[in-house]
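Structural description and commentary
One letter stands for each residue in the lines below.
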Amino acid sequence: MPTDPHSARVGVAKTYKLYIGGAFPRSESGRSYPVTGADGEFLANAAQGSRKDVRDAVMAARKATTGWAGTTAYNRGQVLYRVAEMLEGRRDQFAAEVAAAQGVSAKRAAQLTDAAIDRWVWYAGWTDKIATVLGAANPVAGPYQSYSVPEPTGVVGVLAPQQDALLGLVSVLAPVIAGANTAVVVASQERPLPAVTLAEVLATSDLPGGVVNILTGHTAELAPWLASHADVDALDLTGAAADTAADLERSAADTVKRLVHRPATEPDFTAAPELNRLRAFQETKTLWHPAGR
Amino acid sequence: MAAWEYAPAPESAATGRLQPSYRMFLGGEFVDGSGEPLKTLNPATEEVLAEVSTANPSDIDDAVAAARNAYGQVWGPMPGVERAKYLFRIARMMAERSRELAVLETLDNGKPIRESRDTDVPLAGAHFFYHAGWADKLGYAGYGPDPKPLGVVGSVIPWNFPLLMAAWKIAPALAAGNTIVLKPAETTPLTALVLAEICQQAGLPPGVVNVLPGAGDVGAALVGHPGLDKVAFTGSTDVGKQIQRTLAGTGRGLTLELGGKAANIVYDDAALDQAVEGVVNGIFFNQGHVCCAGSRLLVQESVAEELVELLQARISTLRIGDPLDKNTDVGAINSRAQLEKITELTAAGETEGATRWTSPCPVPQRGLFFPPTLFTGVEQSMRIAREEIFGPVLSVLTFRTPDEAVAKANDTRYGLSAGIWTEKGSRMLWTAQRLRAGVVWENTFNRFDPTAPFGGYKESGFGREGGRAGLEAYLAH
């Protein structure tokens, strides 16, 4: 744990916990695991989430769906923008955690943090444009008014990228909740600390409890419970281990989950984002109404 | 009510140009398949219509290779404006042969000629016409300025709308620049093979469209073929799950249009006469062999008794019989297996305590028929309220408040479609917003159009067919 030998003051170390339903519990299993920096130095103990924690998180996420999807798109945009404000306020802390976790220079860590904050702002601005861009007026051949609107898929399980601890996490999480879904995130196994700090940001940003739930622990242990849970509607496998992805997808098929496949290699999250991740967790509802006198 | 008498008005079966045998379409030629030929029956008589060649695994290899070659050499590189003209041509030729296609569809499937003539065939042609126009405008579809096709598509379709489902798969795949191997249903292969002939007559380059008849084993072998880039399936939720498992870890594209158990919600202020027509259409259209059929009627308690009486009176006038008769409302059940499934599920409805009412209409002695049936006193937990019957059987449930209506409507693993009947606009919109279903019909039911995306929520599948949204499944982006 980093300490400053030239200072008489002993720092206050943070306890890194899970984030479920707006609260910060330890794992119900009582387990934790040591997290080390890229240089091998001990950073902190993280909670090692369990199957029961996954189920608690899914329950919290399900409970939050109606409320979150029921707020106005404008309101969701404001809440997400508020998250960006809080991120900005903790910019230095995130940069330090990213530097420690990923072993990049302080300058690079600051760039990645700035990109993460900007990414969040980008998605915050999407909430009230998704329906315009993905929806449609359908010129049907008959006396009907027909239109199609995107709606959130529901509860999305997210296996966060394993390498890019903050920008990668933000890039997969923000589109889920910008699209009015709720999320259960399994943080990067080796680099979970920025995710826990993000949870602290979310908890102080007017985001209703349960909209985002973040678990730390062993991805390969937690992912199967997420993939097989009938109350999970979609699964993002970006952070899955290569040898587990096929099994997870097979399991997800039992309830016809929507999937974001595991990419062959972790994407370069500094690249400009596209619509794909927003669209991946939207359903299209087509409505028909007769027109007549 | 005075009974209206009808004289028989049969469409001539000869219009269908039925051939004694049909061959599969591979690489632009009609060839003998290496599988065991199947016999397709007329469900209205259970007589053999024709013998149809089927594919074996080596035929599937050949078809995928032909599609791959056509994709790489001809169709992929072809400018969209040229692809479009082939699709327009196909749409026009389908219109020219529309009466033939309608009769053949009715012979093979058992659906009333009125429906094949007025719904299936025109909509199938419209799908080609609509998607033809997209072929050179894909950059405007919202998937980037220059979206690319995926490659070779494998598609398996059901027996309830044989030609229409073939069109739903082929038209968008081709418009986006893909090539396709299509497996029609075992019991209804004929119109897809005539569509293949139309493709041939339209000069479509060999290998762009391949049609391989066969049973479920051919479908399973096709969707698992490693030479495909994308799989599109319409059919049961159970088979859809198997396909999703088969494709697990491959990264190949997949869209699934699966089962449904749609709620048709009738509020107390609905225009009941219109609602009756909509409810009847919702469940008895195509003998109820419709994934989006309105198989659960949710009626507000205060009008339940009145609505059920009106429904019984209206259903009693439905004419069940010769599908080729233009006055027939309800045709034949497509197969003996399906008839047995409907029989089994309706028996379960009685066993579980629901009250059964059967239309007194005369039912033909010969052929596969099931009279329109209505269950009252249905509980949420009963199989007839939970399982897809895929037949002319309506389950009636009641509710007191809008919240209860929505909760009951959404209490299903499916989410394909729903109907709402009310004269109050705000209640209509409130309800429509809360239904977890991909298509919501308001004061109408069972409307389809190539411009209107169709597809499910939850275990009714994912991906859309039709509209701009429907192109997503066939483009790399």
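Model, not experiment: these values are computed from the prediction. (Residues numbered from 1 in each chain as written. Chains lettered and ligands numbered in written order. Predicted model: local features only at pLDDT ≥ 70, side-chain atom pairs only at ≥ 80, totals over all residues.)

**Remarks on the overall build of chain B**
Counting its secondary structure elements, chain B contains 15 helices and 20 strands. Its C-alpha atoms put chain B at 65 × 50 × 35 Å along the principal axes. Buried residues in chain B amount to 61% of all 477 residues. Residue pairs in contact within chain B that sit at least 24 positions apart in sequence constitute 73% of those at least 6 positions apart. (Helix = DSSP H or I, 4+ residues; strand = E, 2+ residues; numbered from the N terminus. Buried ≥ 20, exposed ≤ 12 C-beta atoms within 10 Å, placed from the backbone. Contact = placed C-beta atoms within 7 Å.)

**Quick word on the overall build of chain A**
On a plain count of helices and strands, chain A comes out with ten helices and ten strands. Taken over C-alpha atoms, the radius of gyration comes to 20 Å for chain A, in line with the 19 Å a tight globule of 293 residues would show. Reported as C-alpha extents along the three principal axes, the dimensions of chain A are approximately 85 × 35 × 35 Å. Residues classed as buried in chain A amount to 53% of the 293 residues present. Excluding contacts between residues fewer than 6 apart, the proportion of contacts in chain A whose partners are at least 24 apart in sequence is 74%. (Rg over C-alpha atoms; globule rule 2.2 N^0.38 Å.)

**What to know about the interface of chain B and chain A**
Facing 35 residues of chain B, the contacting portion of chain A comprises 28 residues. Considered class by class, the residues forming the side of chain B that touches chain A number 13 nonpolar, 13 polar and nine charged. Here strand E10 (residues 282–290) of chain A runs beside strand E18 (residues 439–442) of chain B; their pairing, made up of three bridges, is parallel. Counterpart to A:Thr286 in the pairing with E18(B) is B:Val439. (Nonpolar A, V, L, I, M, F, W, Y, C, P; charged D, E, K, R; others polar. Pairing = 2+ DSSP bridges.)

**Side note on the domain arrangement of chain B**
All names here are of chain B. What the domain assignment lists for chain B is domain 1 (13–258 + 457–476) and domain 2 (263–442). Taking only C-alpha atoms, the centre of domain 1 and the centre of domain 2 are 30 Å apart. At the interface, 21 residues of domain 1 touch 27 residues of domain 2. Listing elements by their share of the side of domain 1 that touches domain 2, those giving two or more residues are helix H3 (98–109) and helix H4 (113–134). (Domains from an automatic or database assignment.)

**Overview of the environment of B:Val152**
Residue and element names in this part refer to chain B. Looking at where Val 152 falls in the secondary structure, it is placed in strand E7 (residues 152–156). Counting along the chain gives 103 residues from Val 152 to Thr 255, while the straight-line C-alpha distance between them is 14 Å. The contact partners of Val 152, leaving out residues within four places of it in the chain, are Val 64, Ala 67, Arg 68, Tyr 71, Asn 178, Thr 179, Gly 227, Leu 228 and Asp 229.

**A closer look at helix H1 (residues 51–70) of chain A**
All names here are of chain A. With 20 residues, H1 ought to run about 28 Å at 1.5 Å a step, and its terminal C-alpha atoms sit 29 Å apart, in line with that. Largest kink in H1: about 40 degrees, centred on Ala 64. Residues of H1 that are buried make contact with strand E5 (155–159), strand E6 (182–186), strand E7 (212–215) and helix H8 (219–228). (Expected span 1.5 Å × (residues − 1). Bend = angle between axes of the 7 residues up to and from the residue.)

**Overview of the sheet that holds strand E8 (residues 234–236) of chain A**
All names here are of chain A. If you walk across this open sheet you meet the five strands as E7-E6-E5-E8-E9, and the pairing is parallel. Both edges of this open sheet fall to E7 and strand E9 (258–260), since each of them pairs with a single strand only. Averaged over all pairs of adjacent strands, the angle between strand axes in this sheet comes to 15 degrees, irrespective of strand direction. Strand direction decides the pairing type here: E5 and E8, joined by three bridges, are parallel. (Axes fitted to C-alpha atoms, helices over the stretch in contact; angles between N-to-C directions.)

**Overview of the packing of helix H5 (residues 162–175) of chain B against helix H6 (residues 190–201) of chain B**
Residue and element names in this part refer to chain B. Where H5 contacts H6, the two axes come as close as 7 Å, and the packing angle between them is 50 degrees. Comparing their axes, H6 and H5 come out oblique. When the axes of H5 and H6 are compared, the crossing they make is right-handed. The segment H5 lies against H6, with Pro 162, Leu 163 and Ala 166 engaging Thr 191, Ala 192 and Leu 195. Class assignment for the residues of the contact of H5 with H6 results in five nonpolar, one polar and no charged. (Parallel < 35°, antiparallel > 145°, perpendicular 65-115°, else oblique. Left-handed = near helix turned anticlockwise from the far one by under 90°.)

**What to know about the environment of A:Ala136**
Structurally, the position occupied by A:Ala136 is in strand E3 (residues 136–138). Among the residues examined, A:Ala136 registers 22 C-beta atoms within 10 Å and is labelled buried. Distance from A:Ala136 to A:Tyr147, taken between C-alpha atoms, is 5.6 Å for residues eleven residues apart in sequence. Other than its neighbours up to four places away in sequence, A:Ala136 contacts A:Tyr147, A:Ser148, B:Gly467, B:Arg468 and B:Ala469.

**Details of the nonpolar core**
Core analysis: the largest hydrophobic core is formed by 185 residues, its most contacted members being A:Trp120, A:Leu173, A:Val185 and B:Leu87. Among the elements that take part in this core, H5(B) stands out by supplying eleven residues, more than any other. Here A:Trp120 is in contact with A:Leu80, A:Val83, A:Ala84, A:Leu87, A:Val170 and A:Ala174, once residues within four sequence places are set aside. Core analysis: the next-biggest nonpolar cluster, separate from the first, contains 70 residues, B:Val290, B:Leu298, B:Ala332 and B:Ile333 among them. (Core = buried A, V, L, I, M, F, W, Y, C linked by C-beta atoms within 7 Å.)

**Observations regarding the sheet that holds E10(A)**
Read from one edge of the open sheet, ten strands run E3(A)-E4(A)-E10(A)-E18(B)-E17(B)-E12(B)-E13(B)-E16(B)-E15(B)-E14(B), paired in mixed fashion. The open sheet has two edge strands with one neighbour each: E3 of chain A together with strand E14 (355–358) of chain B. Looking at each pair of strands side by side, their axes are set apart by 20 degrees on average, direction ignored. As judged from the four bridges shared by strand E17 (residues 417–421) of chain B and E18(B), these two strands associate in the parallel manner. Paired with B:Ile420 across the two strands is B:Glu442, which belongs to E18(B).

**Comments concerning helix H7 (residues 216–223) of chain B**
The α-helix winds at 3.6 residues per turn, so residues separated by three or four positions along the chain end up facing the same way. All names here are of chain B. Looking only at H7, the buried set comprises Val 218, Gly 219, Leu 222 and Val 223. For H7, the arc enclosing every buried residue in end-on projection is 125 degrees, short of the 170-degree limit, so these residues lie on one face. Its buried side turned inward, H7 meets helix H1 (57–75), E7, strand E8 (179–183), strand E10 (230–234) and helix H8 (237–246). (Arc of directions from axis to C-beta.)

**Topic: the environment of B:Asn178**
All names here are of chain B. Within the element layout of this structure, Asn 178 appears in the loop between H5 and E8. As a C-alpha pair, Asn 178 and Ala 248 span 70 residues in sequence and 22 Å in three-dimensional space. Other than its neighbours up to four places away in sequence, Asn 178 contacts Tyr 71, Pro 149, Leu 150, Gly 151, Val 152, Val 153, Ala 173 and Tyr 474.

**Things to note about the pairing of strand E15 (residues 373–376) of chain B**
All names here are of chain B. Neither face of E15 is left uncovered, since the one carrying Thr 373 and Phe 375 and the one carrying Leu 374 and Thr 376 both have all their residues buried. As paired elements, E15 and strand E16 (residues 393–399) share three bridges and run parallel to each other. Looking across to E16, one finds that Leu 374 is bridged to Leu 394.

**Observations concerning the pairing of E10(B)**
Residue and element names in this part refer to chain B. Across the five residues of E10, five count as buried, placing the element largely inside the fold. Residues Lys 230, Ala 232 and Thr 234 of E10 are buried on one face, and the alternating residues Val 231 and Phe 233, pointing to the opposite face, are buried as well. Alignment of E7 against E10, held across four bridges, turns out to be parallel. From the neighbouring strand, Val 156 faces E10, where its bridge partner is Phe 233. Handedness of the crossover joining E10 and strand E11 (residues 253–257) through H8 is recorded here as right-handed. (Right-handed = clockwise from strand over helix to strand, strands pointing away.)

**Some thoughts on the packing of helix H3 (residues 91–102) of chain A against helix H7 (residues 193–203) of chain A**
Residues and elements named next belong to chain A. Interhelical geometry of H3 versus H7 gives an angle of 160 degrees and a closest axis separation of 9 Å. With respect to each other, H3 and H7 are oriented roughly antiparallel. Crossing hand, H3 versus H7: left-handed. Contacts from Gln 93, Phe 94, Glu 97, Val 98 and Ala 101 in H3 reach Leu 193, Pro 194 and Thr 197 in H7. Of the residues assigned to the contact of H3 with H7, the class counts are five nonpolar, two polar and one charged.

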